[in-house]
Amino acid sequence: MITSPERDSAVSADSSDNPSTDASIDPSIYASTDPSVDVRGDASGNGAAHVGAGRYAPSPSGDLHLGNLRTALLAWAYARSAGMGFLLRFEDLDARSRPHFEAAQLRDLESLGIDWDGEPIRQSERIGIYADAMNELRRRGLLYECYCTRKELAEVASAPHRPPGSYPGTCRDLSEAEREAGRAKLAGTGRGPALRLRTQVDELTVYDVNYGTYTGAVDDLVIMRGDGVYSYNFVSVLDDALTGVTQVVRGDDLLPSAPRQVVLAHTLGFTEPQYAHVPLVLNGVGVRLAKRDGAVTLSKLADLGYTPADVVAMLAESLGYPPVRSAEEFLNVFDPQRMSRKPEARKPWRYIPQSIKVER
């Protein structure tokens, strides 16, 4: 388990011929959490509720829209209703991240009444931790270089008879001569080889508190991209484990990522968190809501006369609750088991952007 923040340079050397490669990993270690074990506790804070935390982890690359805010409200309510801590983490490794977007996101969350414990965590301040963890995987012989270009990966992702987007292991067992040719192919592109995890299973069944058991593909996921940036899967799993996150509430478009993230967590020596995937917000034509869809952020809705309390009421009603007007009031009516009991509660919300000013 890696806990040291000691800095180290990014490593791109291939480890596929490392004699310390751990090729005898027992796939049974990837078995997911027993669904009969309830780590949520209850709303009064009894039982396991004093242990662990939930989190919300936005990327500060723009304003939060209603879909982001609804997920944040749910993540907060799941954690607080169980008496857990709640952390805020900015996933700011994206080159589009900006301090003013972070500041705006903080204001939006606070205006809805969502609070968090401690100072926000920033991934940009944790690079040394990621380097240590990656180097440990490399020492164990679990990383290999991938020379596939974006075009080649796109062609693989659309190939028939494969799970969408899964990587077939093209570069997993190359000879030294083939690796040298791969490096030469990338030499003029401004990118180096990506580093992938050598996994030992092709699929895994995980448990989600809202969707039950889910079986999904596991491929050799990227640990570091070719531009030297650590992958979302890698840093998200590592941060959750090292900061004591035991409950992950996020959009259900990320449910297919859960199996590979559980494999990664166990490979790093951690127990996976409890997952609760929640439905997305769609625009008027049934596509996932985006900031370009009109009045979908707090600032744009404010221009039309909508207050943060109005937005909380809108979000609560979209989830089948009374139109309460603060996060605290939402917590008082929130039922963490509603989505698991009522399949209709897991349907996405189709939001028609407001265009008429509120008359008060």
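Located above this text is the structure these notes cover.
So, here is what we can say about the structure in this document. Keep in mind that this is a model prediction, so the values were computed, not measured.

## What about the packing of helix 1 (residues 66-81) against helix 9 (residues 308-318)?
Here's step 1: Put simply, helix 1 and helix 9 touch, their axes get as near as 10 Å, and they point 75° apart. Taken as axis vectors, helix 1 and helix 9 run roughly perpendicular relative to one another. Contact residues: Leu66, Leu69, Arg70 and Leu73 in helix 1; Val311, Met314, Leu315 and Ser318 in helix 9.
Here's step 2: For the contact of helix 1 with helix 9, the residue count by class is 6 nonpolar, 1 polar and 1 charged.

## So, the sheet that holds strand 2 (residues 85-90)
Here's step 1: Taken in spatial order, the 3 strands make up an open sheet running 1-2-3, and their pairing is parallel. Every interior strand has two partners, whereas the edge strands, strand 1 (53-56) and strand 3 (121-122), have only one.
Here's step 2: Where strand 2 meets strand 3, 2 bridges bridge the pair, whose relative direction is parallel. Residue pairing in the sheet places Arg89 in a bridge with Ile121 of strand 3.
Here's step 3: Strands in contact with helix 1 are strand 1 and strand 2; relative to strand 2, the strand with the most contacts, it is inclined by about 150°.

## Quick notes on the side chain of Thr297
Here's step 1: Considering the arrangement of structural elements, one finds Thr297 in the loop between strand 11 (281-282) and helix 8 (298-303).
Here's step 2: With a relative accessible area of 4%, Thr297 lands in the buried category.
Here's step 3: A polar atom in the side chain of Thr297 sits 3.2 Å from the side chain of Ser299.
Here's step 4: Excluding anything up to four places from it in sequence, Thr297 contacts Asp63, Leu64, His65 and Lys291.

## Some details on the environment of Gln123
Here's step 1: Take Gln123: it is sitting in the loop between strand 3 and helix 3 (127-139).
Here's step 2: With relative accessibility at 2%, the residue Gln123 sits in the buried group.
Here's step 3: Expressed as a C-alpha distance, the spacing of Gln123 and Asp239, which sit 116 residues apart in the sequence, is 8.3 Å.
Here's step 4: Residue contacts for Gln123: discarding those within four places in its chain leaves Arg89, Phe90, Glu91, Asp92, Leu93, Tyr130, Val235, Ser236 and Asp239.

## Structural notes on helix 3
Two residues of an α-helix separated by three or four positions point the same way, owing to the 3.6 residues in each turn.
Here's step 1: An ideal rise of 1.5 Å per residue puts 18 Å on 13 residues; helix 3 measures up with 18 Å between its terminal C-alpha atoms.
Here's step 2: Residues of helix 3 that are buried in the fold lie against strand 4 (143-146), strand 5 (194-197), strand 8 (222-224), helix 6 (232-242) and helix 7 (258-267).
Here's step 3: Just past helix 3, the residue Gly141 takes up positive phi, approximately 75°.

## A closer look at the environment of Leu153
Here's step 1: With respect to the secondary-structure elements, Leu153 resides in helix 4 (residues 150-157).
Here's step 2: By relative accessible area, which is 28% here, Leu153 ends up partly exposed.
Here's step 3: Sequence separation between Leu153 and Pro168 is 15 residues, and the spatial gap between their C-alpha atoms is 9.7 Å.

## Some words on the nonpolar core
Here's step 1: With 50 residues, the main nonpolar core has Leu66, Leu74, Leu109, Ile114, Phe330 and Tyr351 as its most contacted residues.
Here's step 2: Secondary-structure elements contributing two or more residues to this core are helix 1, strand 2, helix 2 (99-112), strand 10 (274-278), helix 8, helix 9 and helix 10 (327-333).
Here's step 3: Here the element with the most residues in this core is helix 1; it accounts for 10 residues.
Here's step 4: If near-sequence neighbours (up to four positions away) are discounted, Leu74 is found in contact with Val249, Val278, Leu319, Phe330, Phe334 and Met339.
Here's step 5: With 22 residues, the next largest nonpolar core counts Ala131, Leu195, Ile223 and Leu264 among its residues.

## Some remarks on the sheet that holds strand 5
Here's step 1: Strand order in the open sheet made by the 3 strands is 4-5-8, with antiparallel pairing throughout. Since the sheet does not close on itself, it has two edges, and those belong to strand 4 and strand 8, each with one partner. Strand-to-strand, the axes of this sheet are offset by a mean angle of 45°, without reference to chain direction.
Here's step 2: As paired elements, strand 5 and strand 8 share 2 bridges and run antiparallel to each other. Paired with Arg196 across the two strands is Val222, which belongs to strand 8.

## What about empty space enclosed by the protein?
A probe matching the size of a water molecule, rolled over the atoms, marks out where space remains unfilled.
Here's step 1: Inspection of every chain in the model, using the stated rule, returns 2 cavities of 30 Å³ or more.
Here's step 2: Considered as a void within the structure, the largest cavity measures approximately 90 Å³ in volume.
Here's step 3: The set of elements that each furnish at least two residues to the lining of the largest cavity consists of helix 6, strand 9 (247-251) and helix 7.
Here's step 4: In terms of residue count, helix 6 provides more of the lining of the largest cavity than any other element does, 4 residues in total.
Here's step 5: Residue classes in the lining of the largest cavity are distributed as 8 nonpolar, 3 polar and 3 charged.
Here's step 6: Along its surface, the second largest cavity is lined by Leu74, Tyr78, Leu319, Tyr321, Phe334, Asp335, Pro336, Arg338 and Met339.

Rules and cut-offs
- Residues numbered from 1 in each chain as written.
- Predicted model: local features only at pLDDT ≥ 70, side-chain atom pairs only at ≥ 80, totals over all residues.
- Heavy atoms only, no water.
- Axes fitted to C-alpha atoms, helices over the stretch in contact; angles between N-to-C directions.
- Helix = DSSP H or I, 4+ residues; strand = E, 2+ residues; numbered from the N terminus.
- Parallel < 35°, antiparallel > 145°, perpendicular 65-115°, else oblique.
- Contact = heavy atoms within 4.5 Å.
- Nonpolar A, V, L, I, M, F, W, Y, C, P; charged D, E, K, R; others polar.
- Pairing = 2+ DSSP bridges.
- Buried < 20%, exposed > 50% of the residue type's maximum accessible area, 1.4 Å probe, protein only.
- Polar contact = N/O pair within 3.5 Å; in protein donor to acceptor, adjacent residues only side chain to side chain.
- Expected span 1.5 Å × (residues − 1).
- Core = buried A, V, L, I, M, F, W, Y, C linked by side-chain atoms within 4.5 Å.
- 1 Å grid on protein atoms, 1.4 Å probe; cavity = no way out; pocket = protein on both sides within 12 Å on 5 of 7 lines; lining within 4 Å.
- Points joined across faces, edges and corners; volume = space filled by probe spheres on them.

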